Amino acid sequence: VQLQASGGGLVQAGGSLGLSCAASGRTFSIYSMAWFRQAPGKEREFVAAITRSGSNTYYTDSVKGRFTISRDNAKNTVYLQMNSLKPEDTAVYYCAARPLPVSTAVPDFRSWGQGTLVTVSS
């Protein structure tokens, strides 16, 4: 599956931003999806994940209550709505897909989008 992320940009602290990740190639609904992020000088880290049906979601503690992952299997798209953004959310955000049950581990994902930069100013 090929993934194309979009929606990054510059936002002030406390603001909101929505990311999208469009998938093409294989049947989207067989893939569990996730968002990861990588800040400068840091390792890529898990942000949020969603099961293939969309019935279950998972978040890293630092974004719980602020970020929402969702998907539309009819549109082959996964979303990440980010509210109450903080400067520490600044990173390149990547969407990822795996044709297996949901995971939060970077090595478990074989398909990655190109990344979209989110910058939160203080």
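What comes next concerns the included structure.

### Some thoughts on the overall build of the chain
(1) Moving on: Helix and strand counts for the chain come out as 0 helices and 11 strands.
(2) Moving on: The helix and strand sequence of the chain, counted from the amino end, reads β-β-β-β-β-β-β-β-β-β-β.
(3) Moving on: A principal-axis box enclosing the C-alpha atoms of the chain has dimensions of 40 × 25 × 25 Å.
(4) Moving on: When the 122 residues of the chain are sorted by exposure, 41% land in the buried category.
(5) Moving on: A separation of at least 24 residues holds for 57% of the contacts in the chain among residues at least 6 apart in sequence.
(6) Moving on: Only carbon and sulfur atoms are counted for the fraction: they give 47% of the accessible area of the chain, which is about 6000 Å².

### Digging into the state of the cysteines
(1) Moving on: All told, the structure shown has 1 disulfide when counted by the stated rule.
(2) Moving on: Across the disulfide, Cys 21 is cross-linked to Cys 95 (sulfur-sulfur distance 2.1 Å). Between Cys 21 and Cys 95, the S-S dihedral sits near 65°, and the bridge is therefore right-handed. Taken together, the residues span a long stretch of sequence, with Cys 21 in strand β3 (residues 17-24) and Cys 95 in strand β9 (residues 91-98) at a distance of 74 residues.

### Some words on the nonpolar core
(1) Moving on: Ranked by internal contacts, the top residues of the largest apolar core, which has 29 residues, are Met 33, Trp 35, Leu 80, Met 82 and Tyr 93.
(2) Moving on: Sequence-distant contacts of Met 33, defined by excluding residues within four places in its chain, comprise Leu 3, Cys 21, Phe 28, Ala 48, Ala 49, Ile 50, Ile 69, Arg 71, Val 78, Ala 96 and Ala 97.
(3) Moving on: Among the nonpolar cores identified, the runner-up in size contains 6 residues, and Ala 34, Phe 46, Ala 49 and Phe 109 belong to it.

Cut-offs and rules
- Residues numbered from 1 in each chain as written.
- Predicted model: local features only at pLDDT ≥ 70, side-chain atom pairs only at ≥ 80, totals over all residues.
- Heavy atoms only, no water.
- Helix = DSSP H or I, 4+ residues; strand = E, 2+ residues; numbered from the N terminus.
- Buried < 20%, exposed > 50% of the residue type's maximum accessible area, 1.4 Å probe, protein only.
- Contact = heavy atoms within 4.5 Å.
- Areas by Shrake-Rupley, 256 points an atom, 1.4 Å probe, with all protein chains shown as cover.
- Disulfide = S-S within 2.5 Å.
- Core = buried A, V, L, I, M, F, W, Y, C linked by side-chain atoms within 4.5 Å.

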